[in-house]
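For reference, the chains in residue letters:
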Amino acid sequence: MTPLLENAKALPITLLPEFIYLYPLILYLPSNRHNRLLMKTSLNWLRDYLDLPMEPERIGEILTDIGLELENLEKVERVPGGLQGVVVGQVVECHKHPNADKLSLTKVDTGTGELLQIVCGAPNVASGQKVLVATIGTTLYPQDGEPFTLKKGKIRGEDSEGMICAEDELGLGHDHSGILVLAEDAPVGAPAKTFLNLHEDHVFEIGLTPNRSDATCHLGVAKDLAAALRINYGHPGQVRLPDVSAFKVDHRDLQLEVSVEHPEACPRYSGVSIQGVTVGDSPEWLKERLAAIGVRSINNIVDITNFILNELGQPLHAFDLDQIAGRQIIVKPLPTGTSFLALDETERTLHEEDLLICDGASNGMCIGGVFGGLRSGVTDKTVNIFLESAHFNPRFIRRTSVRHNLRTDAARVFEKGSDPNNTVYALKRAALMIQEYAGGQIASDIADIYPLPVLPREIEVRYDYVNTLIGANLSREEVADILDALGMTLLKKEASSFTVAVPTNKADVLRPADVVEEILRIYGFNKVDVPGKFHFTLNLKPQPDPTSVRNAIADYLASCGFNEMMALSLTQSRYYRNVKDYVPENQLVFINNTSNIHLDIMRPDMLFSGLEAVVHNQNRQQSRLRLFEFGKSYRAENGGYKENAQLSLFLAGERWQESWLFDNKAQTGFFTIKAYVTNILQRLGLEGFQEQPLQHPGFTYGLQLQRGPQVIAEFGRVNARLGKEAGVRGEVFAALIHWDLVLQVAGKQRIKYAEVSKFPTTRRDLALVIDNSINFVDIAAIARKVGKKLIRDINLFDVYENEQQLGAGKRSYAVSFVFEDPERTLQDKDADLVMDQLIKEYEMKLNALIRR
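Here goes a summary of the coordinates provided. Computed from a prediction, not measured in an experiment: that's the story for all the values here.

What to know about the overall build of the protein
Inference 1: Along the protein, the regular secondary structure elements total 21 helices and 43 strands.
Inference 2: Taken over C-alpha atoms, the radius of gyration comes to 37 Å for the protein, far larger than the 29 Å a tight globule of 852 residues would show.
Inference 3: In terms of principal-axis extent, the alpha carbons of the protein reach across some 115 × 85 × 65 Å.
Inference 4: The 852 residues of the protein split such that 50% are buried.

Next up, the structure:
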């Protein structure tokens, strides 16, 4: 199995981080489907804004159809199991168990017309009580302990046909002092779920692509659903927006002075003061809403800000107003090196690009749009709050978030692009909720710093362009209806084109193609007909076929225990700047990557991306690594850009899988990587390369294989400095095979068939004492030249070094030569004649001493 690696050619581009690995034998970084944000959306929450009569599964299908791909649909119950099989019962009789002092024998009416006999051990059970009864076959999920299913049985000789339950046995709480006794008016036979008003919910986990800034909240998803339902299902498509008309200023006793010193980083800043709040628990409905999407309840103030974030897609922040020095809010950066004590009690050092929300004394209270400060946050003692609702520049938020490794929900929303025209509406909505659930009075006018208002973008689109791009014939009326359903106002309609105003919550809709994409999402991808007639031309398959060759090598490597990986084409320029004479900076291809600013170049080779994969696996207790990747490297050359296909191999850790058969301490070495490189080339029928010492700053030592002036492969031990830069532990051996050149050379090879020889072979061994500077390749080259007609194979089977016996700088090679003549049986004198010639050549050219 081999991956397809995207070719990223357009500059500037926005690509996304992380590695994707294909073979599942080793722990790899999970694929995030190209950095899609997994957003949890509650069905009950959606129904607050939109009538949705269909089943959750059907809603999930519609979400996927309109580009909000459903990754998972989960049923969420307040109590596990939903108390299915548990009903309200009444204890009609209660007597002592005849065979046990601490047990009671009861008769319980559950509304079926027949009384159930139940043995109960609770000390508080009594006749006449209304209780919750788990019937036979019911599965209970107790607060502590494993789930269990009730079966009819005997307890101390008496039949027991159910269970009268305590609070903890039902999963409703922790009380186990006795059974749960209900009010006298509890209806006998009513399901416990109905009686206790236990709601269930369905949560959609949506894979949100980075461009969908308009769908980061429940209201955004509801609007998209409403558009699709209105256009395709005859639904009225009416979305109920929260009403904020009741907002009013009670007095102005807590008016704050607000100023923004960096309007580029903060184009809009809004806020309001609220006096006399009571910080406490949130109402149950709010806790349930947040719990359904995995948000933990903290207190009513914080929960309301989290609710607004997930309802309207507008992050808010609540400050303890009494902690704001000078009654001033100043939005500005602080000098590099300034310390900031964050909400997680971590001291962070600020950068001059970090935007801070400061008080009148220039104390940083919050990293704007990213993370709050410890001293200014809401506590149980807070009485007065200042509520912030702002719009921050995604570029600044992204840099700060990555710089401090603070990947908060607010930062993710701001990075995608929040709606600058939503801040005041969200502020009013939150203020009204705080007044309702925490009390207090609006104690100031709304401060709203918005020097350059963002207006809806006007885009002109041709009708024929819409139909050409979609591949369907949409009428002008259909186009107008879809745009209206999406809240995109038609400003001008002409015979051949229209001009549309794009709402400011759709930060990704910038050009005609984006408008067409919006139309297509709601029109429906599945409604675009597949043509019944296809036009195609015959294509001559290249020889060798690149895909077949690649698959053959991938299969070979997988059979050798390798795992295929696929890394991003992006990497960090700091790797190459920190290693002297590695890649000249003028050859680096820089990109404008707003999604991940540290991934700022296209990789000039595949060494560091492989080392990152090694580090990732080592950090997950994987020490024996065999990785390979087919990919591309990118360099700037002669005023343009050049892509080079490469195959990279990475080996680290133990040479053998743990086994009683092998030396488990043996580590991967240079000759291990050399063997794999040689086998790959031989598998493609490529031989006869010149071996040269490797001169590559990425390697401590190694070899390069050449065909003339062309370098086909480079392999060896990775430079320890590079390994340290990437965070690698231990030695790593790597190979970079220039795949374009391999295919080019392989295309010139001709397949030759030879009959299997029917004549026997003969072998001769030779021991040579030579200088350390002489390699086996030199010995083999002379042998092939002297005995090219008869020598079939040459092998080095022993190397011996002993300075006392052989002399300084000397080593002994034991080499075997296999002779074969395809036309006759060789005689000893034939092999001896060649061996005599070889000995003379070795003595003359290599100054070898023959050990006889």
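Some details on a nonpolar patch on the surface
Inference 1: Together, Val530, Phe534, Phe536 and Leu538 make up an exposed nonpolar region whose accessible area comes to about 580 Å².
Inference 2: Assignment of secondary structure puts Phe534 in the loop between helix H12 (512-523) and helix H13 (546-559).

Some details on the packing of helix H4 (residues 218-232) against H12
Inference 1: The geometry of H4 relative to H12 is characterised by a closest axis approach of 8 Å and an angle of 65 degrees between their N-to-C directions. From H4, Asp224, Ala227, Ala228, Ile231 and Asn232 reach across to H12, where they touch Arg521, Ile522 and Tyr523.
Inference 2: Of the residues contributing to the contact of H4 with H12, the split by class is five nonpolar, one polar and two charged.

Quick look at the side chain of Ser816
Inference 1: Structurally, Ser816 is set in strand S42 (residues 810-819).
Inference 2: According to the relative accessible area criterion, Ser816 is buried, its value standing at 4%.
Inference 3: Non-local contacts of Ser816, meaning those with residues more than four positions away in its chain, are made with Arg763, Arg764, Asp765, Asp793, Ile794, Asn795 and Phe797.

A look at the sheet that holds strand S15 (residues 257-260)
Inference 1: As summarised here, the arrangement of the five strands in space is S15-S18-S21-S22-S23, forming an open sheet in which the pairing is mixed. The open sheet is flanked by S15 and strand S23 (371-372), the only strands paired with a single partner.
Inference 2: Here three bridges tie strand S21 (residues 355-358) to strand S22 (residues 364-367), and the two strands are oriented antiparallel to one another. Of the residues in S22, the one forming a bridge with Leu356 is Ile367.

Description of the side chain of Asp224
Inference 1: As for its placement among the helices and strands, Asp224 is situated in helix H4.
Inference 2: Residue contacts for Asp224: discarding those within four places in its chain leaves Ile66, Leu68, Arg212, Asp214, Leu486, Lys506, Arg521 and Ile522.

What about unusual backbone geometry?
Inference 1: Unlike most non-glycine residues, Arg156 shows phi in positive territory, near 55 degrees.
Inference 2: At Asn405, a position not held by glycine, the phi torsion is positive, near 55 degrees.
Inference 3: Within the fold, Asn405 resides in the loop between helix H7 (394-403) and helix H8 (409-416).
Inference 4: Owing to a relative accessible area of 63%, Asn405 belongs among the exposed residues under this scheme.

Details of the nonpolar core
Inference 1: One finds Phe498 and Ile519 to be the most contacted residues of the largest nonpolar core, which totals 78 residues.
Inference 2: Discounting residues that sit within four places of it in the chain, Ile519 has contacts with Val466, Ile470, Leu474, Val479, Ile482, Leu483 and Phe498.
Inference 3: In this structure, Tyr269, Ile357, Phe371 and Ala390 belong to the second largest nonpolar core, which totals 36 residues.

With respect to the environment of Glu494
Inference 1: Examined against the element boundaries, Glu494 turns out to sit in the loop between strand S28 (489-493) and strand S29 (497-502).
Inference 2: Through-space distance from the C-alpha of Glu494 to that of Gln744 is 55 Å; in sequence the pair is 250 residues apart.
Inference 3: Non-local contacts of Glu494, meaning those with residues more than four positions away in its chain, are made with Tyr463 and Arg476.

Considerations on the pairing of strand S40 (residues 762-771)
Inference 1: Looking at chain direction, S40 and S42 are connected through ten bridges and run antiparallel. What sits directly across from Val769, in S42, is Ser812.
Inference 2: Judged from the three bridges that link them, S40 and strand S43 (residues 849-851) form a sheet pairing that is antiparallel. Looking across to S43, one finds that Val769 is bridged to Leu849.

Here's the deal with the pattern of salt bridges
Inference 1: Applying the stated criterion across every chain yields a total of 44 salt bridges.
Inference 2: Put simply, Arg212, Asp214, Asp224, Lys506, Glu518 and Arg521 are held in one network by salt bridges that share partners.

Focus on the sheet that holds strand S3 (residues 69-77)
Inference 1: If you trace the three strands from one edge of the open sheet to the other, you get S2-S14-S3, paired in antiparallel fashion. Of all strands in the sheet, those with a lone pairing partner are strand S2 (37-42) and S3, marking the two edges. Between one strand and the next, the sheet's axes are offset by a mean angle of 25 degrees, whatever the strand orientation.
Inference 2: Across eight bridges, S3 lies against strand S14 (residues 200-208) in antiparallel orientation. Across the sheet, Lys75 pairs through a bridge with His202, a residue of S14.
Inference 3: Packed on one face of the sheet, H4 meets S2 and S14 and runs near 80 degrees to S2.

Describing the packing of H4 against helix H11 (residues 476-485)
Inference 1: In the contact formed by H4 and H11, the axes pass within 9 Å of each other and the chain directions differ by 150 degrees. Here H4 is positioned roughly antiparallel relative to H11, judged by the angle of their axes. For the crossing formed where H4 meets H11, the hand is right-handed. Seen from H4, the contacting residues are Ala227, Arg230 and Ile231; seen from H11, they are Asp481, Ile482, Asp484 and Ala485.

Overview of the packing of aromatic side chains
Inference 1: Scanning all chains against the criterion turns up 17 aromatic pairs.
Inference 2: Centroid distance Trp45 to Phe307: 4.8 Å. Interplanar angle 15 degrees. Geometry classified as stacked. Taken together, the residues Trp45 in helix H1 (residues 43-46) and Phe307 in helix H6 (residues 300-312) connect sequence positions 262 residues apart.
Inference 3: With a relative accessible area of 2%, Phe307 lands in the buried category.
Inference 4: Pairing Phe392 with Phe414 gives two aromatic rings, centres 5.1 Å apart and planes at 85 degrees, and the pair type is edge-to-face. Separated by 22 residues along the polypeptide, Phe392 in the loop between strand S24 (385-391) and H7 and Phe414 in helix H8 bring together distant segments of the chain. Across the pair, Phe414 and Phe392 agree in class, each one buried.
Inference 5: Through a chain of ring-to-ring contacts, the aromatic side chains of Phe562, Phe628, Phe630, Tyr676 and Trp739 assemble into a single cluster.
Inference 6: Sitting over the ring of Tyr523, Lys527 keeps its end group 4.4 Å from the ring centre.

A few points about the pairing of strand S30 (residues 563-566)
Each regular strand carries side chains that alternate between the two faces of the sheet.
Inference 1: On S30, burial covers both faces: Asn563 and Met565 on one face and Glu564 and Met566 on the other are all buried.
Inference 2: Alignment of S30 against strand S34 (residues 625-637), held across two bridges, turns out to be parallel. Considered in S34, the bridge of Asn563 is made with Leu627.

Brief notes about helix H5 (residues 284-292)
Inference 1: All of the buried residues along H5 are Leu286, Arg289, Leu290 and Ala292. When H5 is viewed along its axis, its buried side chains cluster within an angular range of 160 degrees and face the same direction.
Inference 2: On the buried face of H5, the contacting elements are H1, S3, S14 and H6.
Inference 3: Directly beyond the C-terminal end of H5, a positive phi value near 85 degrees is found at Gly294.

Thresholds, definitions, all that
- Residues numbered from 1 in each chain as written.
- Predicted model: local features only at pLDDT ≥ 70, side-chain atom pairs only at ≥ 80, totals over all residues.
- Heavy atoms only, no water.
- Helix = DSSP H or I, 4+ residues; strand = E, 2+ residues; numbered from the N terminus.
- Rg over C-alpha atoms; globule rule 2.2 N^0.38 Å.
- Buried < 20%, exposed > 50% of the residue type's maximum accessible area, 1.4 Å probe, protein only.
- Patch = residues over 30% accessible without salt bridge, like charges linked within 9 Å, V, L, I, M, F, W, Y side chains within 5 Å.
- Areas by Shrake-Rupley, 256 points an atom, 1.4 Å probe, with all protein chains shown as cover.
- Salt bridge = Lys/Arg side-chain N within 4 Å of Asp/Glu carboxyl O.
- Axes fitted to C-alpha atoms, helices over the stretch in contact; angles between N-to-C directions.
- Contact = heavy atoms within 4.5 Å.
- Nonpolar A, V, L, I, M, F, W, Y, C, P; charged D, E, K, R; others polar.
- Pairing = 2+ DSSP bridges.
- Core = buried A, V, L, I, M, F, W, Y, C linked by side-chain atoms within 4.5 Å.
- Parallel < 35°, antiparallel > 145°, perpendicular 65-115°, else oblique.
- Left-handed = near helix turned anticlockwise from the far one by under 90°.
- Phe/Tyr/Trp six-rings, centres within 6.5 Å; stacked < 30°, edge-to-face > 60°.
- Lys NZ or Arg CZ within 6 Å of the ring centre and 35° of its normal.
- Arc of directions from axis to C-beta.

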